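# Structural features, examined
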Amino acid sequence: MSFTATIKKELTRLDSESCCKKAELSALVRINGTVHIRKKSFMIDIVTENPSTARYIFSLVKNLYQVQPEVLVRKKVRLKKNNVYMIRLASNANRILEDLYIMKGNSWERIEGIAPELIKRPCCKRAYLRGAFLASGSVNNPDSASYHLEIVSTYHDHSQSLCQLMNRFYLHAKVIERKKGFVVYIKEGDKIGEFLNIIGAHPSLLKFENVRIMKDMRNSVNRLVNCETANLNKTIQAAMRQIKNIQRIDQEIGLEHLPDRLREVAETRLKYPEANLAELGQLLPSGKVSKSAINHRLRKLEEIAKKFSADNETKED
Ligand SMILES: [Zn+2]
């Protein structure tokens, strides 16, 4: 699975606030939706090649408007072999388009840009960006030679608003016109990391920052220091530290030599770097344990790892 697809899968598993759902869906419909007229009323088709995004759009519509959209799947004949998913809204489309601030009432008039009503709250601003990324966003694999994240939009006014919204978070986004439409893009690695953090793609952010740190380490020690102090949130920093500890222990003695209770936690942490402590407690193969038990075992692992560092320092002395 590509890095972009992994991020999208993650995003569709987030439990967004009820106020944010509308902002997310508005971005998705605005970018991936086509409006048709049938018997004097509107019909909306929202198209995506990503199955998780399709499921997500379906559940947002159902959740917000209590209507059951139709889902159509097409096989692409040429180009890639991906399926194309179409979520079709035939009933209440006028009302939904108005409610999502895409069209003005029953008129033909499209509302330009991003309506301020949709993005009043900070969480909804993030949600709009999340929806836009789900709709047409992509990002280079962190291993690739250059950093690039982009979101394509058909309308110039919308891409400008999207760019402004991103720059409220100081992301240094820019807009360029291409054949496929207007492209809002970010070129700097640390800003791409921040974008992933803003839209809530935390496991992918962890992966992205890990690869980025490894890459930059080859370039210069100074830059490494900056990256490590980058504003990753606390949970991620803790998870990164735990993983380092576990890898250290694995190198020194091998995880198989740990007591079962610790080995199990170590292996589960490596397998689920994004899980928080409570989730880790649920994921243990031998059965659930409490958050504080997990915390206790991780601290034990840290003590063991520290002991190795201390041993090595004494040896070097
Ligand atoms: Zn919100």
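As recorded in an unreviewed UniProt entry, the protein chain goes by the name Probable cell division protein WhiA, listed as coming from Thermoactinomyces mirandus. Under the UniProt heading Function (unreviewed entry), the note attached to the protein chain is "Involved in cell division and chromosome segregation."

Here we come to helix H3 (residues 51-65). Compared with the 21 Å implied by 1.5 Å per residue over 15 residues, the 21 Å span of H3 between its first and last C-alpha is a close match. Residues of H3 that are buried: Ser52, Thr53, Ala54, Tyr56, Ile57, Leu60, Val61 and Tyr65. Those residues of H3 that are buried are in contact with helix H1 (3-11), helix H2 (18-32), strand S2 (41-48), strand S4 (83-89), helix H4 (93-99) and helix H5 (122-136). Where H3 begins, the side chain of asparagine 50 points an oxygen toward the backbone nitrogen of serine 52, at a separation of 2.9 Å. Two residues or fewer after H3 comes glutamine 66, characterised by a positive phi angle close to 50°.

A few words on the packing of aromatic side chains. Here the structure, examined in full by the defined rule, presents 3 aromatic pairs. With 6.3 Å between their ring centres and 15° between their planes, phenylalanine 3 and phenylalanine 208 make a pair best called stacked. Residue phenylalanine 3 is found in helix H1, and its partner phenylalanine 208 is found in helix H8 (residues 202-219); the two are separated by 205 residues along the sequence. Exposure class is identical for phenylalanine 3 and phenylalanine 208. Each is buried. Each member of the aromatic cluster is reached from another via a ring pair, and the members are Phe3, Tyr147 and Phe208. Against the face of phenylalanine 133 rests lysine 8, its NZ or CZ located 5.7 Å from the ring centre. Lying over the aromatic face of tyrosine 155, arginine 110 brings its terminal NZ or CZ to 3.6 Å of the ring centre.

The rules we used
- For every chain, the first residue of its written sequence is number 1, and the numbers climb from 1 along that sequence.
- Local features in this predicted model are restricted to residues of pLDDT 70 or higher, and side-chain atom pairs are both shown and tallied only at a pLDDT of 80 or more, whereas totals for entire chains, interfaces and linings draw on every residue.
- Where side-chain values are given, they derive from all heavy atoms of the structure, hydrogens and water being excluded.
- UniProt positions are given in the numbering used here, feature names are shortened, and annotations may be inferred rather than shown by experiment.
- A run of H or I in DSSP counts as a helix once it spans at least four residues, and a run of E counts as a strand once it spans at least two, with each numbered from the N terminus.
- Expected helix span is given by 1.5 Å per residue-to-residue step, counting one fewer step than there are residues.
- Using a 1.4 Å probe on the protein chains alone, a residue whose accessible area is under 20% of its type maximum counts as buried, one over 50% counts as exposed, and one in between counts as partly exposed.
- Note on definitions: a residue-residue contact is assigned when non-hydrogen atoms from the two residues lie within 4.5 Å.
- Here a polar contact means two N or O atoms within 3.5 Å. Within protein one must be a hydrogen donor candidate and the other an acceptor candidate, and residues neighboring in sequence count only if both atoms are side-chain atoms.
- Put simply, two rings from Phe, Tyr or Trp (the six-membered ring, in Trp's case) pair if the centres are within 6.5 Å, and we call them stacked under 30 degrees between planes, edge-to-face over 60, tilted for the rest.
- Whether a charge sits over a ring depends on NZ of Lys or CZ of Arg being within 6 Å of the ring centre and within 35 degrees of the ring normal.

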